[in-house]
Amino acid sequence: MTYQLAAPLLDACVLAIVENEDAYGYTLTARVKEIVDISESTLYPVLRRLQKDLCLTTYDQPYQGRNRRYYRITDTGKKKLAFYKTEWELYKNNIDSLLGGKLHEQE
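Residues numbered from 1 in each chain as written. Predicted model: local features only at pLDDT ≥ 70, side-chain atom pairs only at ≥ 80, totals over all residues. Heavy atoms only, no water.

## A few points about unusual backbone geometry
No. 1: Of note in this structure, L54 is not a glycine but carries a positive phi near 65 degrees.
No. 2: Tracing the sequence through the fold places L54 in the loop between α3 (40-52) and β2 (56-63).
No. 3: If you check the backbone angles, Q64 has positive phi at about 50 degrees while not being a glycine.
No. 4: Secondary-structure assignment places Q64 in the loop between β2 and β3 (66-73).
No. 5: Owing to a relative accessible area of 68%, Q64 belongs among the exposed residues under this scheme. (Helix = DSSP H or I, 4+ residues; strand = E, 2+ residues; numbered from the N terminus. Buried < 20%, exposed > 50% of the residue type's maximum accessible area, 1.4 Å probe, protein only.)

## So, the layout of surface pockets
No. 1: As a volume, the largest pocket reaches approximately 740 Å³.
No. 2: Around the largest pocket, the lining is made up of 22 residues, and of these Q4, L5, L9, W88 and Y91 lie nearest the centre.
No. 3: When contributions to the lining of the largest pocket are tallied by element, the ones reaching two or more residues are α1 (7-20) and α4 (75-99).
No. 4: Here the lining of the largest pocket takes 10 residues from α4, the largest share from any one element.
No. 5: When grouped by side-chain class, the residues that make up the lining of the largest pocket number 17 nonpolar, 1 polar and 4 charged. (1 Å grid on protein atoms, 1.4 Å probe; cavity = no way out; pocket = protein on both sides within 12 Å on 5 of 7 lines; lining within 4 Å. Points joined across faces, edges and corners; volume = space filled by probe spheres on them. Nonpolar A, V, L, I, M, F, W, Y, C, P; charged D, E, K, R; others polar.)

## A closer look at α1
No. 1: Between its first and last C-alpha atoms α1 spans 21 Å; for 14 residues at 1.5 Å apiece the expected length is 20 Å, and the two agree.
No. 2: Buried within α1 are the following residues: L10, D11, A12, C13, V14, L15, I17 and V18.
No. 3: Of the surrounding elements, those touching the buried residues of α1 are β1 (23-24), α2 (25-33), α3, β2, β3 and α4. (Expected span 1.5 Å × (residues − 1). Contact = heavy atoms within 4.5 Å.)

## Describing the packing of aromatic side chains
Geometrically, a pair of aromatic rings is defined through the distance of the ring centres and the angle of the planes.
No. 1: This model, assessed by the stated rule, comprises 4 aromatic pairs.
No. 2: Ring geometry for Y59 and Y70: centres 5.5 Å apart, planes at 10 degrees, overall stacked. Taken as a pair, Y59 in strand β2 and Y70 in strand β3 lie far apart in primary sequence, 11 residues in all.
No. 3: For Y59, a relative accessible area of 23% translates into the label partly exposed.
No. 4: Y70 sits in the buried class, given a relative accessible area of 16%.
No. 5: Where F83 meets Y84, the ring centres are 6.0 Å apart and the plane angle is 50 degrees; that geometry is what we call tilted.
No. 6: Every member of this aromatic cluster is reached through a ring pair, and the members are Y24, Y59 and Y70. (Phe/Tyr/Trp six-rings, centres within 6.5 Å; stacked < 30°, edge-to-face > 60°.)

Set out below in structure tokens:
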């Protein structure tokens, strides 16, 4: 993809994924990679920031003799995601209007 994801949009993507179900780092990276080119080394600081901001909590679960760290969205994270969704709709509509040439038609 040509466009870079800014931190808030990347946060929104991660929160949207874990809103549906808890996920561990590798699966989160794989899901985000489906829409944008991102490495695990980019994603883990995002996960730490979202934890620090109380948007995510973690728990460990054994899997084939190792522990996997799962991420779960919190109520704070759900509120933040709702905010991001609203902001995204406004932003997307403005960009669509501009790229579609509709911005001047509204004036």
